[in-house]
Amino acid sequence: MSTRYEYLYLETGHIRLLHILSVSPEIRVRIDVVPLDTDPAPIYAALSYLWGKDTPFSRVIVEPHGRYVDIARNLTVCFQHLDAFIGTNIWIDAVCINQEDDEEKSRQVSRMGSIYERATKVLSWLGPSADNSDAAIDGISNYGKAAVDAGLLDIKKELLETWPDVGDDPANMRARDAVVELMVKANAAEGDADRAAERFPRLAFAAITRREYFNRVWIKQEITLARNSIVLCGFKQTDAESFHASLLFYGLLIVWETNEYRAGRHARIPGPFSIEELMAAPDGPWALLKQTTTDPAAGSAFSGRRKFLREGGKKPLFELLHTSYVRNGALGLRSTKPLDKIYALLGIAADAVESGIYTDYTKTPDEAFEQAARFLIAQGHVDILKWCRTRRVNPPTWVPDFGANLSYTWSDDMGVPLFKATGSKSQPKTLVHEMNGPRPASLRLHGVCLDTAAAVGSVFVHNDGMKYPQEAARQLFLNVKAFLERTSKYTKDQWDDALWRIPICDREYHPTSMYFQRATLERSGRQFELLRTQPVDDEKVMAETMSYQATMQYENGARPILLTAGYVGLGPMETMAEDIVVLLYGGSTPFVLRSTRTRGEYYLVGEAYIYGVMDGEMMDKGLEEEVFTLC
């Protein structure tokens, strides 16, 4: 009978590598110990995969003595698909790190960034074939590679955000034109049964991006640092560049098709479903449309790699936390250990050393989350307070609970604020040294008090994928109207404007952009009137009001609020009469606070949209500056 493999002490600066001897019928390897920091580096591949449950499922036989290491089911299935890598060296954390030795694990985890960065290639294992994934990989290899060859990945992010305006660089213009040709091909094939083989596999592609692999927090570092990355799914494979280009192409394709449809140049509604199929969906059209949406986690992983490889720079911790955990219509990245929500990003954070945050598993999650929050606010990121809705007014209310699924913010997109409620004001420079409050886990911030909530309306909830609750939406419209009728704060023109802007927090999806923009009367004002007066189950109304419906997705609830001085807006569902609305310097939106009954100390309730104060209008009104202690 074989015995368990005994790990010998692994010296600092060294790693174990597996030399694959066979994967079937038995998984057999040889384990070699090599120094990591040699020049040239050792030649090996590093595996990036989803651990899944730790329950032993099978064994890896370690030669030459036939001893074994237990491995879980996910890794077993992966090994069974690695026959193309027999005879090569590979680093796999579950086997190459002694999982029974906490000291070794701490040392090796702290070097994982270097292990993936120095690997000859990184193998991203998505899992076995399922949900037509073979077609998805083929589509990525075809359309994605064509988009890479066209130069899509060479267009900078800020130009993609203004697509189709990519500036006057001839190379960018040629790339755009070539990508548009691909869009024309994909769109024409979608509506032609004889060209089914030429279609971009939308449903299969969207499904493969929603695999659990992309929602594992550690893969963000593993993909970002990979010099050469191969994506494996079943026995199919493609390169990371084609996968990334496919994500960009698909996003731009949807925007382009929507624009063409609204302009009357295309008769077919965008996407793989007909209007008849959408209207007949048992759970409503949004449930069906959700099948066509990609998970932003996949795009976030590959975009970080692009920046690292092309610009040679890492991202700030604020940006990494935002793209990892603050998602529109999707859950954030996940990990088994809450502490890893912070620690897994340090290896790719440009300001990791400056933050003073180090991997320390003796800390509690709350201690690590508070340390990160203090660092970010000291840097000027007061807007992280918008990430705190999941606290449900439970202290410390100002510290985002990264261990939970953070609620998406109402007032920015991709981390870029749509508003400037405090204008150019910022927290005093001395805040870094004076931010601690009078009690543990408290925080002092400077700002002004706008007003007190005099009344609140009914709560409106619209979950992603849920059928649009038109009756509840109309009740919200009526609440807003009733509050506006009670105030003389606004002119007649402002009154009419506020009526349709407040329910969507003055933002909309624009047909030429993948991101939120400030709302316009031409689009959102008209859609508001349709939703207010026409049944949404009418096909035309459904097609023409999708932007307004999607923008009203307040998964954790929102309610109209009327302030004592007459301002009207939208606040979190937890907002109560007598709560105060404040403008904290450096924040892009107002915030709702609730007194703790101790003078000057407050609980954070959440962000708010208040009509007429979102662009810094109150900063020159002579409001008295105060110091608010958040608990």
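Look up a bit, the structure's there.
Residues numbered from 1 in each chain as written. Predicted model: local features only at pLDDT ≥ 70, side-chain atom pairs only at ≥ 80, totals over all residues. Heavy atoms only, no water.

1. Side note on helix 20 (residues 492-501)
All of the buried residues in helix 20 are W495, D497, A498, L499, W500 and R501. Looking at the packing, one finds that the buried side of helix 20 touches helix 19 (470-485), helix 21 (521-533), helix 23 (546-551) and strand 20 (609-610). (Buried < 20%, exposed > 50% of the residue type's maximum accessible area, 1.4 Å probe, protein only. Helix = DSSP H or I, 4+ residues; strand = E, 2+ residues; numbered from the N terminus. Contact = heavy atoms within 4.5 Å.)

2. Description of the packing of helix 19 against helix 21
Closest axis-to-axis distance for the helix 19/helix 21 pair is 9 Å, and the angle between their directions is 115°. Our classification of the angle between helix 19 and helix 21 gives roughly perpendicular. Relative to helix 21, helix 19 is oriented so that their crossing is left-handed. On helix 21, the residues touching Q470, R474 and F477 of helix 19 are F528, L531, R532 and T533. Per-class residue counts for the contact of helix 19 with helix 21 are three nonpolar, two polar and two charged. (Axes fitted to C-alpha atoms, helices over the stretch in contact; angles between N-to-C directions. Parallel < 35°, antiparallel > 145°, perpendicular 65-115°, else oblique. Left-handed = near helix turned anticlockwise from the far one by under 90°. Nonpolar A, V, L, I, M, F, W, Y, C, P; charged D, E, K, R; others polar.)

3. Notes on the side chain of T323
Among the secondary structure elements, T323 is positioned in helix 14 (residues 317-325). Given the relative accessible area of 17%, T323 is considered buried. Setting aside chain neighbours within four positions, we find T323 in contact with K220 and S300.

4. Considering the packing of helix 10 (residues 240-262) against helix 13 (residues 296-311)
Packed helices, taken two at a time, are described by their axes: the angle between them and the distance between them. Close contact between helix 10 and helix 13 brings their axes to 10 Å; oriented N to C, the two are set at 120°. By the angle between their axes, helix 10 is oblique relative to helix 13. Read as a crossing pair, helix 10 and helix 13 show a hand that is left-handed. Between helix 10 and helix 13, the contacting residues are A240, E241, F243, H244, L247 and L248 on the first element and A298, G299, F302, S303, R305 and R306 on the second.

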